[in-house]
Amino acid sequence: MARDGLHTGLAVRLAARSGRLSGQTAGLAPGFVQANLAILPATDAADFLRFCTLNPKPCPLLGVSEPGHRILSRLGADLDIATDLPAYRVWRDGELVDEPHDVAEHWRDDLVTFAIGCSFSFEEALIADGLGVRHIEQGRNVPMFRTTIACEPAGRFAGPLVVTMRPFRPADAIRAIQITSRYPTVHGAPVHLGAPHQIGITDLGRPDYGDAVDIRDGEIPVFWACGVTPQAVIAAARLPFAITHAPGCMLATDLLNARLATS
């Protein structure tokens, strides 16, 4: 699964920091937890924390930094939040204004980082059980869709749930539900399966983020809550300033996926 020697969270972080890695991180650092990021001014941090608490499926928190700190020591040694992702997004007044490979020049002393669980973690368990994960098989970013499901609001934070999609045969979909239910800190069980129109998705071939994947005869789409949800919410809130990961370009941590599974 790993490519170019990127077998650990630290190796992925160092490759991103040096500029050697600029693409999506699916399949890299097998065995290690990856995280979505939302980085906000401290004035908005309390409301965003409450938003995460009210919406644990799309926003399962793995860690929160102190204001201005570029480290999350619980998630890894030699970790720099501003440089260690392959790509970031910078937002001003709800508009995407930049997609740099590091955000050191954008960094401020009042910024609070929220690390949010990522479905890449449970994909390892799916593969170990013999279930194919289509976007990894096809070397693509996972397809992500905005839905008509509303998140629970908190202060200025409100907006639609974003989901990831993976196609499975019905029997495999049931097994995928059983497996991912054991990983509540990385989105857990699916939120919907089949009938994409029921959650506002009109074309599975045109995801809002990521890449389309093949859906074969006899397969159904299965949808999990996604950590890109904060990006939709941040845009809707029109925050004066915020930073997020670029979809599919995660923070690789030193945490082990196996430690996240419930019995």
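Residues numbered from 1 in each chain as written. Predicted model: local features only at pLDDT ≥ 70, side-chain atom pairs only at ≥ 80, totals over all residues. Heavy atoms only, no water.

**Brief notes about unusual backbone geometry**
Look at Asp78: it is not a glycine, yet its phi comes out positive at around 50°. Topologically, Asp78 is positioned in the loop between β2 (61-64) and β3 (88-92). Positioned with a positive phi, Asp93 is a non-glycine residue whose angle comes to about 55°. Tracing the backbone through its elements, the reader meets Asp93 in the loop between β3 and β4 (95-98). (Helix = DSSP H or I, 4+ residues; strand = E, 2+ residues; numbered from the N terminus.)

**Structural notes on the packing of aromatic side chains**
Tallied over the entire structure, the rule returns six aromatic pairs. Relative to Phe51, the ring of Phe48 has its centre 6.1 Å away and its plane inclined at 25°; by these criteria the two rings are stacked. Taken together, the positions of Phe48 and Phe51, both in helix α2 (residues 42-54) and three residues apart, correspond to about one turn of that helix. Taking the relative accessible area as the measure of exposure, Phe48 reaches 0% and is therefore buried. Look at Phe51 and you get buried, because its relative accessible area is 0%. Plain terms: the ring middles of Phe51 and Phe157 are 6.5 Å apart, the flat faces sit at 50° to each other, and that makes the pair tilted. Of this pair, Phe51 sits in helix α2 while Phe157 sits in the loop between β6 (144-150) and β7 (160-168), and the two are 106 residues apart along the sequence. Comparing Phe51 with Phe157, the two get one shared label, buried. Of the aromatic side chains, those joined through ring pairs into one cluster are Phe48, Phe51, Phe114 and Phe157. Seen from the ring of Trp224, Arg166 lies directly overhead, with NZ or CZ sitting 5.1 Å from the centre. (Phe/Tyr/Trp six-rings, centres within 6.5 Å; stacked < 30°, edge-to-face > 60°. Buried < 20%, exposed > 50% of the residue type's maximum accessible area, 1.4 Å probe, protein only. Lys NZ or Arg CZ within 6 Å of the ring centre and 35° of its normal.)

**Points about the pairing of β7**
Burial runs high along β7: nine of the nine residues are buried. Because side chains alternate across β7, one face comprises the buried residues Pro160, Val162, Thr164, Arg166 and Phe168, and the other comprises Leu161, Val163, Met165 and Pro167, equally buried. Here β6 pairs with β7 via four bridges, running antiparallel. Each residue of the ladder has a partner; that of Arg146, found in β7, is Val162. (Pairing = 2+ DSSP bridges.)

**As for the sheet that holds strand β8 (residues 192-193)**
Strands sit in the order β6-β7-β9-β8 across an open sheet of four strands; the sheet is antiparallel. Looking at which strands have only one partner, the edges of the open sheet turn out to be β6 and β8. When β8 meets strand β9 (residues 220-225), the two strands line up antiparallel, connected through two bridges. Along β9, the bridge assignment pairs His192 with Phe223. Contacting β6 and β7, helix α6 (residues 229-237) crosses the sheet at an angle of about 155° to β7. (Contact = heavy atoms within 4.5 Å. Axes fitted to C-alpha atoms, helices over the stretch in contact; angles between N-to-C directions.)

**Focus: the side chain of Thr253**
Position of Thr253 among the secondary structure elements: in strand β11 (residues 251-256). On the basis of relative accessibility, which here comes to 0%, the residue Thr253 falls in the buried class. A polar side-chain atom of Thr253 sits 2.8 Å from the main-chain carbonyl oxygen of Val33. A distance of 3.1 Å separates a polar side-chain atom of Thr253 from the backbone nitrogen of Leu255. Residues in contact with Thr253, not counting those within four places in the same chain, are Gly9, Arg13, Phe32, Val33, Ala35 and Leu75. (Polar contact = N/O pair within 3.5 Å; in protein donor to acceptor, adjacent residues only side chain to side chain.)

**A look at the packing of helix α3 (residues 120-128) against helix α5 (residues 170-180)**
Taken N-terminus to C-terminus, the directions of α3 and α5 make an angle of 125°; their axes are 10 Å apart at the nearest point. Relative to α5, the element α3 lies oblique. In the packing of α3 onto α5, the handedness of the crossing is right-handed. Along its contact with α3, which presents Phe122, Ala125 and Leu126, the element α5 presents Ala176, Ile179 and Thr180. Along the lines of polarity and charge, the residues of the contact of α3 with α5 split into five nonpolar, one polar and no charged. (Parallel < 35°, antiparallel > 145°, perpendicular 65-115°, else oblique. Left-handed = near helix turned anticlockwise from the far one by under 90°. Nonpolar A, V, L, I, M, F, W, Y, C, P; charged D, E, K, R; others polar.)

Purely geometric numbers; function is a separate question.
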